[in-house]
Amino acid sequence: MDSQTWAHQASRRIARPAKAVMDYMADLEALGRWSLGCFDTQTVEPGVVVGTSLFDGGQTHVSVEILAEQGLIRYWVGSATQRTPRISAMVQPLDQDSCILIMLATRGADMDENRWLRLQRCHETELDLIQAQLHRAA
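Keep in mind the model is a prediction, meaning the values are calculated, not measured.

Draft legend 1. Quick peek at the sheet that holds strand β6 (residues 83–95). Ordered by their spatial adjacency, seven strands build an open sheet running β1-β7-β6-β5-β4-β3-β2, and the pairing between neighbours is antiparallel. For this open sheet the edge positions go to β1 (7–14) and β2 (39–45), each flanked by a neighbour on one side alone. Ignoring which end each strand starts from, the neighbouring axes of this sheet average 25 degrees apart. In this sheet, strand β5 (residues 72–78) lies alongside strand β4 (residues 59–67) in antiparallel orientation, the contact comprising seven bridges. Opposite I66, over in β5, you have I73 as the bridge partner. Against the sheet, helix α1 (residues 18–26) touches β1, β4, β5, β6 and β7 (98–106), its axis set at about 10 degrees to β5. Taken strand by strand, helix α3 (residues 113–137) contacts β1, β6 and β7, and its axis lies near 15 degrees from that of β1.

Structure representation (structure tokens):
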């Protein structure tokens, strides 16, 4: 691997209550409206969706682990039979009406430099999409 980075973090201030943001981020159907690598999600079994990459048409399966007390959602990403917790969303309240949404991605051992850089750019764009979708829903 060329890069020394194995994790990428990006964040946005969201003008919505932390609970509303947590609920949105935990919604696997909503994931298919903002995740560029897992667009147009379809439920394949309870708690598991499959979505399509807007880049190469590849299929990705996702399930979530919600740690509400910590304001943390872990996205288990991979195939129908094997997923790893590579993406996390953290929600930190600022006040009653706003919070910080932090996306953290870890780099898979098989991820080449171009794909890793694309994932980082995608997370920046995905945060913009999430922010716009949540503000529009307000």
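Draft legend 2. Seen up close, the environment of T43. Here T43 shows up in strand β2. Not counting residues up to four positions away in its chain, the partners in contact with T43 are V48 and V49.

Draft legend 3. Representation of the side chain of S98. Here S98 shows up in strand β7. Residue S98 is classed as buried on the basis of its relative accessible area of 1%. A polar atom in the side chain of S98 sits 3.3 Å from the side chain of R13. Contacts of S98, omitting those with residues within four sequence positions, involve R13, I14, A15, R16, P17 and P93.

Reading the values: rules and limits
Residues numbered from 1 in each chain as written. Predicted model: local features only at pLDDT ≥ 70, side-chain atom pairs only at ≥ 80, totals over all residues. Heavy atoms only, no water. Pairing = 2+ DSSP bridges. Helix = DSSP H or I, 4+ residues; strand = E, 2+ residues; numbered from the N terminus. Axes fitted to C-alpha atoms, helices over the stretch in contact; angles between N-to-C directions. Contact = heavy atoms within 4.5 Å. Buried < 20%, exposed > 50% of the residue type's maximum accessible area, 1.4 Å probe, protein only. Polar contact = N/O pair within 3.5 Å; in protein donor to acceptor, adjacent residues only side chain to side chain.

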